[in-house]
Amino acid sequence: MSKPDQSDLIPVAGNGLLHRRLFLRTGLGAGAAMLVAGRVGAEPQRPPWMRTPGTGMGESGAPSPFEDHVVRAPVGSQPGTTGAGVSRTPLQHLDGIITPSRLHFERHHSGIPEIDPDRHRLVIHGLVDRPLSFDAETLDRYPQVSRIQFLECSGNSGALTAPEPVDGNCASIHGLISASEWGGVPLGVLLEEAGLKPEGKWVVAAGADAAAMSRSVPLEKILDDAIVALYQNGERLRPSNGYPMRLFLPGWEGNASVKWLRTLKVTDAPAMAKDETSKYSDLDADGQARLFTFPMGVKSVITSPSPGLALAGPGVYQISGVAWSGRGRIRSVEVSADGGVSWAEAALDEHVLSRCLTRFRAAWQWDGGPATLLSRAVDETGAVQPTRASAMAGRAPESFYHYNGMQAWAVNPEGASRNVYV
Amino acid sequence: MFMYKRWMAPSLMVAALMMAAFGQAQAAESPGLGVPLSDSEVAAVDLVVMPDGRGLPAGSGDAHQGLDVYQRECRICHGDGGQGGPNDRLAGGIGSLATAQPVKTIGSYWPYATTVFDYVRRAMPYHLPGSLSTDEVYAVTAYLLAENGIIERDRVLDAETLPAVQMPNSGGFSWAWPED
């Protein structure tokens, strides 16, 4: 399907001669063109798609071809690999709080396994009375819950720890967060069935990917709100999100929510796996490091305006963005247009859910001069998103995990934004 | 109003049951459909190696044998002697963590030697995980520890000796969990 020719949209005869360039220059779309055409009293007009019946129904949907720029970019992988890296959610092109499944960020360590669900089992073993195995079909018969919650890679926003501001956009800097409706079986039910031994304190989860990626999770979290997720946004998990089953730990660093879940071993201590020691640990400037930074800190980012979304000229704009906290609900979000000197409270959309993205909005009259936009979130525990300076305090160079400092976008007189430090 | 309440009662009961089942996991009734497994069925999927050595299989290897394995299976991605390139650097950097250029490697950063065995057995070599024998995993683990100057090249690693290896940065970590 090709894009419509703009000249198709504009009346070609009658009194309503319109200056086509005006529309192109201000970027007004077909809808506006039709409205004006009507007003000047020409014959009722039909765009091409109203002159013939549209295409038929189909078994599976896809976005409009006009939205083909809305993709998970940039994608990156370790040298010589395609499956040891990330793809990022294009936050700057999305609204609301749910991430379409096709745009959910990815962080894999050895690619996406192609799993036949009939040949996949989840094994629960270790400090239990009865080691048990479950397949996806069996798990469907268990009591299930569904919740709308975020998943965030602990390396998300880590680009802001660079000594100089990187030339990035919402996706490249903050695109390792997404939110979905996750449905599945509370893990406590399965552990109960296996019979927990009193010495059990941790659960080592491992995936059925080529890396058999593993993480140790405190039993307390597993029994509190962990699920074996089977569904994402109402459909079975996508392969890139752990099909046919994954661990989901609300609010905790994404890596611990092991995809393609294959084994859960109840232990008395953490296994000290590569991805909880070598990686995803926080090195401080004094050479000491912290393991097991699990809940993701309170954070927010303005998604519009943001780099790549230029303002068309002075006037009233909506500032919009997302805020989230691994410790519960967002209580409030404030925005600043003067680099943090003064702040205004943003409006929150209706859905303010625990450990989920919350959409905030504020109206802004841009006078065309330079401006620096910031947002700052507060969660229900009272935790306030830190400034960059305080989020950086004590960090070792290149220590980039678990960064939740504020994002500043500088808007120039041309209306373009870029990442800056204030 | 009365009628309404009478009609509501059963569904309230259902709601309470659902909350018991769906809310607090421990209180839930399980349909009990899990399939019991034998020890050998569990062993077939269990790759967990604990820092104290639990989970390590029988077998052994030293750095001399490990050099062969490394040159053949690892060097192309991790460089000569684990010095890195194109993929992660695995050796060196000891003492660099508190400097302006910290270099995180097995030798400089990792708190436990068992993690090397656990990880290599799970995931390496990247393109053919699971292709090394148990002895080869011990051997290449010994090689990486020797390259980092942590053990002698003649040191034979097995289920007893590997967990006894003292890592230079073993005291370099605190836990952020549980939170205070």
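Undergrad: Help me understand helix H6 (residues 134-147) of chain B in this model?
TA: Structurally, the α-helix is built with 3.6 residues per turn, so residues lying three or four positions apart point the same way. Residues and elements named next belong to chain B. Its 14 residues give H6 an end-to-end C-alpha distance of 20 Å, which sits within 8% of 20 Å, the value for a rise of 1.5 Å per residue. All of the buried residues along H6 are Val137, Tyr138, Ala139, Val140, Thr141, Ala142, Tyr143, Leu144, Leu145 and Ala146. Among the structural elements, helix H3 (63-73) and helix H5 (114-123) are those in contact with the buried residues of H6. Gly149, located one to two residues past H6, shows a positive phi value of around 75°.

Undergrad: Can you walk me through the interface of chain A and chain B in this structure?
TA: Reports often express the size of an interface as the amount of accessible area lost when the parts come together. Facing 69 residues of chain A, the contacting portion of chain B comprises 53 residues. With both chains or domains summed, chain A and chain B bury close to 5,100 Å², and 59% of this area falls on carbon and sulfur atoms. Three residues stand out in chain A for area buried against chain B, namely Met272, Lys274 and Leu283 of chain A, and they jointly supply 10% of the buried area on that side. The tally of links from chain A across to chain B stands at four salt bridges. For Lys279 of chain A, the salt bridge goes to Asp88 of chain B, with nearest N and O atoms at 2.9 Å. At the surface where chain A touches chain B, the tally comes to 24 residue pairs in polar contact (both at pLDDT 80 or more). Its residues placed into classes, the side of chain A that touches chain B shows 34 nonpolar, 21 polar and 14 charged.

Undergrad: Please explain the confidence of the model for chain A as it appears in this structure.
TA: Low pLDDT means the predicted coordinates in that region are not meant to be read closely. Averaged over chain A, the pLDDT score is 91; the fraction of residues at 70 or greater is 90%. This model gives residues 1-38 of chain A a pLDDT under 50, and the stretch forms 35 contacts once residues within four places in sequence are excluded.

Undergrad: How should I be thinking about the state of the cysteines in this particular structure?
TA: As used in these notes, a disulfide is a covalent bond between sulfur atoms, one from each of two cysteines. All chains considered together, the criterion is met by zero disulfides over all chains. Left without a disulfide partner, Cys74 of chain B is nearest to the cysteine sulfur of Cys77 of chain B, which lies 8.7 Å away.

Undergrad: Hey, could you run me through unusual backbone geometry in this one?
TA: With glycine set apart, most residues show a phi of negative sign, and most peptide bonds adopt trans. Residues and elements named next belong to chain A. The linkage connecting Ala73 with the following residue, Pro74, adopts the cis geometry, with an omega of 0°. Mapped onto the elements, Pro74 comes out in the loop between helix H2 (30-39) and strand S1 (76-77). Following Ser304, the chain continues into Pro305 via a peptide bond in cis, with omega recorded as 0°. Among the structural elements, Pro305 can be located in the loop between strand S16 (299-304) and strand S17 (315-324). At Trp260, a position not held by glycine, the phi torsion is positive, near 50°. Residue classification places Trp260 among the buried positions, given a relative accessible area of 2%. Positive phi is not limited to glycine here, since Tyr280 has a value of about 65°.

Undergrad: Help me out: how do you make sense of the nonpolar core in this one?
TA: Within soluble globular proteins, side chains that are nonpolar generally end up buried alongside one another. Residues Ile124, Leu190, Ile222, Leu247 and Leu261 of chain A together with Leu145 of chain B are the most contacted members of the largest nonpolar core, which totals 79 residues. Of the residues forming this core, the biggest block, eight residues, is contributed by H6 of chain B. Not counting residues within four places of it along the chain, the set of residues in contact with Leu190 of chain A comprises Leu122, Ile124, Phe134, Leu139, Tyr142, Val185 and Val228 of chain A. Ranked by size, the runner-up nonpolar core spans 34 residues in total, among them Ala179, Met296, Ala391 and Trp409 of chain A.

Undergrad: What should I look at first to understand the pairing of strand S22 (residues 371-379) of chain A in this one?
TA: Residues and elements named next belong to chain A. Most of S22 sits out of view: eight of its nine residues are buried. As paired strands, strand S18 (residues 330-336) and S22 are joined by six bridges and run antiparallel to one another. What sits directly across from Ser332, in S22, is Val378. Where S22 lies against strand S23 (residues 408-411), four bridges are found, and the strand directions are antiparallel. Residue pairing in the sheet places Leu374 in a bridge with Ala408 of S23.

Parameters at a glance
- Residues numbered from 1 in each chain as written.
- Chains lettered and ligands numbered in written order.
- Predicted model: local features only at pLDDT ≥ 70, side-chain atom pairs only at ≥ 80, totals over all residues.
- Heavy atoms only, no water.
- Helix = DSSP H or I, 4+ residues; strand = E, 2+ residues; numbered from the N terminus.
- Expected span 1.5 Å × (residues − 1).
- Buried < 20%, exposed > 50% of the residue type's maximum accessible area, 1.4 Å probe, protein only.
- Contact = heavy atoms within 4.5 Å.
- Buried area = accessible area lost by both parts, 1.4 Å probe.
- Salt bridge = Lys/Arg side-chain N within 4 Å of Asp/Glu carboxyl O.
- Polar contact = N/O pair within 3.5 Å; in protein donor to acceptor, adjacent residues only side chain to side chain.
- Nonpolar A, V, L, I, M, F, W, Y, C, P; charged D, E, K, R; others polar.
- pLDDT = per-residue confidence, 0-100.
- Disulfide = S-S within 2.5 Å.
- Core = buried A, V, L, I, M, F, W, Y, C linked by side-chain atoms within 4.5 Å.
- Pairing = 2+ DSSP bridges.

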